[in-house]
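# Chain and residue survey
Chain residues, written in single-letter form:
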Amino acid sequence: MAKNKTVETTGNVVDFINLIENETKRDDSFKITEIFKEQTGFEPKMWGPSIIGFGTYHYKYDSGREGDAPLAAFSPRKNAISIYLSSTFDGRDKLLEKFGKHKTTKACIYINKLSDINIEVFKEMIVASINQSKNLNQGC
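Below or above, wherever it landed, is the structure these notes cover. As the structure is a prediction and not an experimental result, all values here were calculated from the model. (Residues numbered from 1 in each chain as written. Predicted model: local features only at pLDDT ≥ 70, side-chain atom pairs only at ≥ 80, totals over all residues. Heavy atoms only, no water.)

Okay, the pattern of salt bridges next. Side-chain pairs of opposite charge can arise where the charged atoms are in close proximity. For the structure on display, the rule yields 5 salt bridges. Between Glu 43 and Lys 37 there is a salt bridge, with the nearest N and O atoms lying 3.7 Å from each other. The salt bridge involving Glu 120 is made with Lys 123; its shortest N-O contact spans 3.6 Å. Here Glu 120 and its partner Lys 123 are both found in helix H4 (residues 119–136), 3 residues apart, which amounts to about one turn of the helix. Note on Lys 123: relative accessible area 17%, which makes it buried. The network of salt bridges with shared partners includes Glu 34, Lys 37 and Glu 43. (Salt bridge = Lys/Arg side-chain N within 4 Å of Asp/Glu carboxyl O. Helix = DSSP H or I, 4+ residues; strand = E, 2+ residues; numbered from the N terminus. Buried < 20%, exposed > 50% of the residue type's maximum accessible area, 1.4 Å probe, protein only.)

Below you can see the structure in the form of structure tokens.
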């Protein structure tokens, strides 16, 4: 079975964020890190070369594939900031309606900048996602 590519590393989160060329995205990444720390109670860790994760859980699929992943995470990508939360937490759709300017896929939420979203709704989403993941021992 193939090894997971996205695993926790010893990379330095601050060093990674400081490499972001776009000043707004860099500043937003520091702020998002603080919001995640505050809401999850976990310190940020690098997962792979570009994901900042908070907490961890172990998953196992029916196929037998298993591994560890962050409970919540984000990645400051070139085109957008990707936010990784559980895709099944209670009230997700209602909160997304109040979240602000974003795009979504099943498991990811994409924002351009922090000023586009409602920070209080973001905090609610993080807490709901973490609670869902801890209760189900699963993530997004």
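Okay, back to it.
What follows deals with the sheet that holds strand S6 (residues 81–84). What the 6 strands build is an open sheet, ordered S1-S2-S5-S6-S8-S7; its pairing is antiparallel. With one partner strand each, in any of the chains shown, strand S1 (44–47) and strand S7 (103–104) form the two edges of the open sheet. Note that strand S5 (residues 72–76) and S6 share 4 bridges and pair antiparallel. Its bridge partner being in S6, Ala 73 is matched across the sheet by Tyr 84. Sheet strands in contact with helix H2 (residues 23–40) are S1, strand S2 (51–54), S5, S6 and strand S8 (108–111), and its direction is about 175° off that of S5. Helix H3 (residues 92–99) rests against S6, S7 and S8 of the sheet, and its axis sits at about 5° to S8. (Pairing = 2+ DSSP bridges. Contact = heavy atoms within 4.5 Å. Axes fitted to C-alpha atoms, helices over the stretch in contact; angles between N-to-C directions.)

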